[in-house]
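Spelled out from the first residue to the last, the chains are:
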Amino acid sequence: MKALLGLALGCAASVAGAQTTGDAPPSPVVQVRPTVATPVVIGSAETFTGTVRITAPFQAIAPGQAGGATVSFEARARTAWHTHPLGQTLIVTAGLGLVQQQGQPAQLIRPGDVVSIPPETRHWHGAGPDGAMTHIAIAEKDEGHVVSWQDKVSDAEYEAALASAGLAATGANPKPSRARQLMGDVSPKLAELTDTVLFGDIWERPGLSKRDRSLATVAALIAMNRPEQLRSHLALAMQNGVTQNELSELLTHMAFYAGWPSAVTALGVAKEVFQDTPARQAP
């Protein structure tokens, strides 16, 4: 009898435990959102100057208050002046950019750099004059508030920032678009289409970083023996964070796949580009 009573009580406890578990809220789980499921949003003209694309926005799971996004700036594009109540962190993933605190010289930012912006500090950030820049921006909410947008950065302020950061100001005649640099003015319509589709869409997709796209492009141009296109894309690769050491290794690797003549031609082009471009070696 005691045995039967113990068994009954045990079964009742198991049922009660199951009911309690069923009533409890589900445990949080790790979430993965593929980049292909995240649309690209163009930055508002009220808060940005130039073309800015915002992808992969995120918000921490409660009670976390951090949020942010991946932000890609075309050449010369930038944010307006703004502040964050709890500060901001930027992690640069591609290209050469600028960040400036009011009253301070602008500072250059490159792939791998981490920028820490104190709370309530008036500042702006954006791309350099000759190429795109991408960073991840992270900020925390303070009672639901994350940013205070202010006036836009004027062209005169941008030019002064370039000078203070040690870059030559481009004045009223900025460099031609990337496609124009590669193709010249023989076919302006084709250059416009290339800027819109290739550099405006393909190079901005988040599936590959610009650094990885540069490595693939340089390898293809070596294999096809296209020295003139290679010249521009080697310079672009270094803007996108590829080091001269990595490009030299890529040339050596491609010699066994593209053939020695193509590799030797590419080596001559690389020497000229390296001489004209300040070295950015691996850390």
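Everything discussed here concerns the structure shown above.
One structure accompanies this document, and this report is about it. If you're wondering where the values come from, they're calculated on a predicted model, not measured in any experiment. (Residues numbered from 1 in each chain as written. Predicted model: local features only at pLDDT ≥ 70, side-chain atom pairs only at ≥ 80, totals over all residues. Heavy atoms only, no water.)

## A word on the sheet that holds strand 10 (residues 114–117)
Going by this rule: The pairing criterion for strands is at least two bridges between them, as found by DSSP. Under the DSSP-based scheme used, a helix requires at least four consecutive residues in state H or I and a strand at least two consecutive residues in state E, with every element numbered from the N terminus.
Taken in spatial order, the six strands line up as 1-3-4-12-7-10 in an open sheet, and their pairing is antiparallel. Because the sheet does not close on itself, it has two edges, and the strands there are strand 1 (41–42) and strand 10. Pairing of strand 7 (residues 88–95) with strand 12 (residues 133–140) involves seven bridges; the strand directions are antiparallel. Along strand 12, the bridge assignment pairs glutamine 88 with alanine 139.

## Thoughts on the packing of helix 6 (residues 227–239) against helix 8 (residues 260–276)
In plain terms, the rule: Note on method: axes are straight lines fitted to C-alpha atoms, helices fitted across the in-contact stretch only, with angles between N-to-C directions ranging 0 to 180 degrees. Note on angle classes: values under 35 degrees are labelled roughly parallel, values over 145 roughly antiparallel, values of 65 to 115 roughly perpendicular, and the remainder oblique. The hand of a helix crossing depends on one turn: near helix anticlockwise from the far one by less than a right angle means left-handed, and clockwise means right-handed. Whether two residues touch is decided by their heavy atoms; if any such pair falls within 4.5 Å, the residues are in contact.
Here helix 6 crosses helix 8 at 45 degrees, and the two axes come no closer than 9 Å. By the angle between their directions, the pair helix 6 and helix 8 is classed as oblique. Regarding helix 6 and helix 8, the two cross each other, and that crossing is right-handed. Of helix 8, the residues touching helix 6 (which contributes Pro227, Leu230, Arg231, Leu234, Ala235 and Met238) are Thr265, Ala266, Val269, Ala270, Glu272, Val273 and Phe274.

## Thoughts on a nonpolar patch on the surface
Defined as follows: Each patch is built from residues that are more than 30% exposed by relative accessible area and take part in no salt bridge. Like charges join if they lie within 9 Å; nonpolar side chains (Val, Leu, Ile, Met, Phe, Trp, Tyr) join within 5 Å. The Shrake-Rupley method, run with a 1.4 Å probe sphere, supplies the accessible areas, and residue values consider only the shown protein chains as cover. Salt bridge, as applied in this entry: a Lys or Arg side-chain nitrogen positioned within 4 Å of an Asp or Glu carboxyl oxygen.
Taken together, the side chains of Phe256, Tyr257, Trp260 and Val264 define a hydrophobic patch exposed on the protein surface, amounting to about 570 Å² of accessible area. Within the residue set of the nonpolar patch, elements represented by two or more residues are helix 7 (244–258) and helix 8. Along the chain, valine 264 turns up in helix 8.

## Observations regarding the packing of helix 7 against helix 8
The test is simple: By the convention adopted, Pro, Cys, Tyr, Trp, Phe, Met, Ile, Leu, Val and Ala count as nonpolar, Lys, Arg, Asp and Glu as charged, and the other residues, Gly among them, as polar.
One way to put it is that helix 7 packs onto helix 8 with a least axis distance of 8 Å and a crossing angle of 165 degrees. Accordingly, the angle class assigned to the pair helix 7 and helix 8 is roughly antiparallel. Helix 8 is crossed by helix 7, and the crossing has right-handed handedness. In this structure, helix 7 uses Gln244, Leu247, Ser248, Leu251, Ala255, Phe256 and Ala258 to contact helix 8, whose residues at the interface are Trp260, Ser262, Ala263, Ala266, Leu267, Ala270 and Phe274. The class makeup of the residues in the contact of helix 7 with helix 8 is 11 nonpolar, three polar and no charged.

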